[in-house]
Amino acid sequence: MAEITANSRLAAAKGRLDTVAMLKEAGLTALVMFALTVGLVGFEVRDIPGGLALFTRFDDVAVAVLLGFFGRMALFLLREGHPRPVAIIGGPLVLLLVLVLAADVWFTGAGDVAASESIRSWLPFNSIIVVWVIAIISVFIAARAILAIRRASSTVTVEEREARADHVAAQVQKIGRYVGPALLAFALLYPFLPFVNRQLLDISVLVVTYMMLGWGLNIVVGLAGLLDLGYVAFYAVGAYSYALLGTKLDMSFWVCLPFAGFMAATAGVILGFPVLRLRGDYLAIVTLGFGEMIRVILLNWYDVTRGPDGISNIPRPSFFGLPFTRRPPEGTESFHTFFGLEYTPVDRLIFLYYLILAMAMITNLFTMRIRKLPVGRAWEALREDETACRSLGVNPTNTKLTAFGIGAMFGGFAGSFFATRQGFISPESFTFIESAVILAIVVLGGFGSQLGVIVAAILLIGLPEFFRELQQYRMLAFGAAMVLIMVWRPAGLLAHREPTIRLHPRSGPADKTAPQSAE
Amino acid sequence: MSAQAAPLAAEQALLSVEHLTMRFGGLVAIDDVSFAARDREITAIIGPNGAGKTTVFNCLTGFYKPTVGRLGLSHPQKGVMLLEQMEGFRIAQQAGVARTFQNIRLFAKMTVLENLIVAQHNHLMRASGYTVLGLFGLGVYRHAEKDAVDKARYWLDRIHLTDKADWDAGNLPYGDQRRLEIARAMCIDPILLCLDEPAAGLNPRESHELNELLQFIRDEHKIGVLLIEHDMSVVMEISDHIIVLDYGRKISDGDPDFVRNDPNVIRAYLGEEEEEELPPEVAQDLSSRTDGGPEGRDDS
Ligand SMILES: Nc1ncnc2c1ncn2[C@@H]1O[C@H](COP(=O)(O)OP(=O)(O)OP(=O)(O)O)[C@@H](O)[C@H]1O
Ligand SMILES: [Mg+2]
């Protein structure tokens, strides 16, 4: 509907542009920009030997004012239905800026500081961060202009676009049945592929850990619809359970694993109990608080957790009792001596990879299975309408608690894996940002979408690990990605819900969008 | 089969509501209302907007806790159960009281079939050994699920939605959603079905189908039906017994003929000269309703 009016306005406005209004608006923005920047940016107080000195940066102010002027103009043109000039003039400029930035990144990565310096001197602002922000904003504007042109020519409505995206997601899920096994086979062979080196394997272990966390959180957020911002708390409980049992009682990883899951599930139920009445934002805030509480307890309960010092020398996992050590203690065997292999440190890494892969797959299979059981359906029903659930005799308390408990259990499993992989844990590993990243994986992938979590974990965890040199911009890129997703596809990349049961064998991809089939 | 003009004696009733009062702060939404509803009968609760009809349902189904009153349900196996003392979901689970809502509450993103399966949650939960056995795909659960699908299919055939069983419930046309909500309530195997304005927004054909569905439920499933309805054609045609509320008080109680001619009802609905507290547009609206023409009304 909105699209139609936009189109008609676009047609009406064509050729008739209110230049005066445009210049007025842009000029006003430039003025505001000037007022804002002249004091803050224009003068800089710097520490020099012998006192402070005032420096001026009026060139930056001028750039900011110009940017404000032309940026506002572009927005005005877009709003009034003239995307073409914006795309034609803005597009190449933005492309140029992005290319320059990419070159800068390239040279920085390659360690060629001189080249990077000379590139930066060409850039409008002294601070590279500001340039990045500008680049992202202008890419956004240019993208909107191009989209507007395409939309005007193709006359596709928002609903149709949504339907098409949903269709794509449905198709992906449909082939997911074949892609799934193929992916699994790939994952199983992965450590032995020729191009896989230590670094890659290490990153993969991390990615799969987050996949497992994503799947675990998906139970709580995606299925039961309980927005949990403190998921990392259960990860921490699992990690510390294993770390303490392993170091103090000398118990093996395999014995501790169920116990760690149990502890985390208990923590989940304990948290779940008081917050059951809360919904939406309120629940999110309380769970966020719970996550922080656990971290603060870990930080301050020094006698048990050793506070900020953390716990070290956590036992590494063993292969059915065979440790991965170069020189096993007298009278015992280790993995390589038992199998008569040459010792390589990669063995342990490969073992860790398979371990987390197995744990993640169990999480995934469990979720897919439980969706088709009464509890799973009750979770989804609860997400849709709690009042209706109550009227049908579904016990909301128990149902929510099982969701919290089971989700937390998988978080706990992943936590004990984390502890055994690292060999050292401290409260620093369990900050809010971790919860946010895990939630972002679920949101980006599409609530409740198992395949989406894989894609999102690779995108959000794997890719940034590759571009470690860009460390400082990681969070920026992360934020930009989230904004884009919210604008483009608020439901998530691969959000499409497959029914848990069907009466008729699947007739076609769009049985719900084809009302004529039912008349 | 039709009810007597005098209120039913409590012992032969399926549901007996005694001295029900519900206050919200200073507002008395229901004021000392007593009535009874019988098995295999459709008992209609009618009254002007804001009379307290939905509030009666909310008390019966545990969404509100009555300020005063006794709500006795005589369960064929379990004896008399006091609904006012039970938690909301247990009223559906154990006492077998099902309800629909004035503003439809389906699980919009789940399919039609899934909606009907969720309604059989408690039964399936037991069959799946509280999830543990179900996880391993044991036969017990598979059979139970198959039975659940059969029951769902039975109701889908009844409400003519078999073809759309795999649609998302939220994508159904309005009339289909209303019928689906009734079928979903029936899937819990209730002994008392409470319907809050099921005919609201239906066209005459759909309204007629609804009448047949309700009569079928009453006659074939032999349960009690409580029906809130504004559409007088529906009420007069199918109800066995009518209770009229006005400003939270019961003003009439009896069979359709009795209620139609009760001076109290006529006064409340037609708004005689001395009834100044009823705004004229409401009175007019109500009087057109008693004439019996089905019409659209905005449901709040
Ligand atoms: N939760 C509540 N809090 C405060 N007042 C309420 C509440 N629920 C209902 N009421 C009030 O109780 C009165 C009766 O409301 P109720 O919804 O039962 O009317 P109704 O007969 O169902 O009307 P309608 O035909 O419009 O559905 C109204 O005045 C309403 O404002
Ligand atoms: Mg009402």
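Rules used throughout
Residues numbered from 1 in each chain as written. Chains lettered and ligands numbered in written order. Predicted model: local features only at pLDDT ≥ 70, side-chain atom pairs only at ≥ 80, totals over all residues. Heavy atoms only, no water. Helix = DSSP H or I, 4+ residues; strand = E, 2+ residues; numbered from the N terminus. Buried < 20%, exposed > 50% of the residue type's maximum accessible area, 1.4 Å probe, protein only. Contact = heavy atoms within 4.5 Å. Areas by Shrake-Rupley, 256 points an atom, 1.4 Å probe, with all protein chains shown as cover. Buried area = accessible area lost by both parts, 1.4 Å probe. Salt bridge = Lys/Arg side-chain N within 4 Å of Asp/Glu carboxyl O. Polar contact = N/O pair within 3.5 Å; in protein donor to acceptor, adjacent residues only side chain to side chain. Donors = N, O, S within 2.8 Å, 3.2 Å for Na, K, Ca; no water. Pairing = 2+ DSSP bridges.

A.B. asks: Would you take a moment to explain the overall build of chain A for this structure?
C.D. replies: Looking only at helices and strands, chain A features 20 helices and 2 strands. In chain A, which comprises 519 residues, the share counted as buried stands at 46%. In chain A, 74% of the contacts between residues at least 6 apart in sequence involve partners at least 24 apart. For chain A, the accessible area works out to roughly 26,300 Å², and carbon and sulfur atoms hold 69% of it.

A.B. asks: What is the right way to read the interface of chain B and chain A from this model?
C.D. replies: Many analyses report the size of an interface as the accessible area lost when the parts associate. Taken together, the contacts link 45 residues of chain B with 36 residues of chain A. For the pair chain B and chain A, the summed buried area comes to about 3,600 Å², and 65% of that belongs to carbon and sulfur atoms. Where chain B packs against chain A, one counts 2 salt bridges. Of the charged contacts, one joins E145 of chain B and R377 of chain A as a salt bridge, the two residues approaching to 3.0 Å between their closest N and O atoms. For the interface between chain B and chain A, the tally reads 7 residue pairs in polar contact (both at pLDDT 80 or more). When residues of the side of chain B that touches chain A are assigned to their parent elements, the largest contribution, 5 residues, is made by helix α6 (residues 139-158) of chain B.

A.B. asks: Would you explain the coordination of the magnesium ion (ligand 2) in this entry?
C.D. replies: Tetrahedral coordination by four donors sets the ideal angle at the metal to 109.5 degrees; octahedral coordination by six donors sets it to 90 or 180 degrees. For the magnesium ion (ligand 2), the full set of protein donor atoms is T54 of chain B (OG1) and Q102 of chain B (OE1), at a range of 1.9 to 2.2 Å. A residue pair is termed long-range when its members are at least 10 positions apart, and T54 of chain B in helix α1 (residues 53-60) and Q102 of chain B in the loop between β6 (97-99) and α3 (112-118) qualify at 48 residues.

A.B. asks: Honestly, the pairing of strand β3 (residues 42-46) of chain B in this entry has me stumped. Any pointers?
C.D. replies: Working note: regular strand, side chains alternate between the two faces of the sheet. Residue and element names in this part refer to chain B. Most of β3 is tucked away, with 5 of its 5 residues classed as buried. Residues I42, A44 and I46 line one face of β3 and the alternating positions T43 and I45 line the opposite face, and both faces are buried. Across 4 bridges, β3 lies against strand β8 (residues 224-228) in parallel orientation. Looking across to β8, one finds that A44 is bridged to L227. Across 4 bridges, the pairing between β3 and strand β9 (residues 241-246) is parallel. When the bridges of β9 are listed, I45 appears paired with I243.

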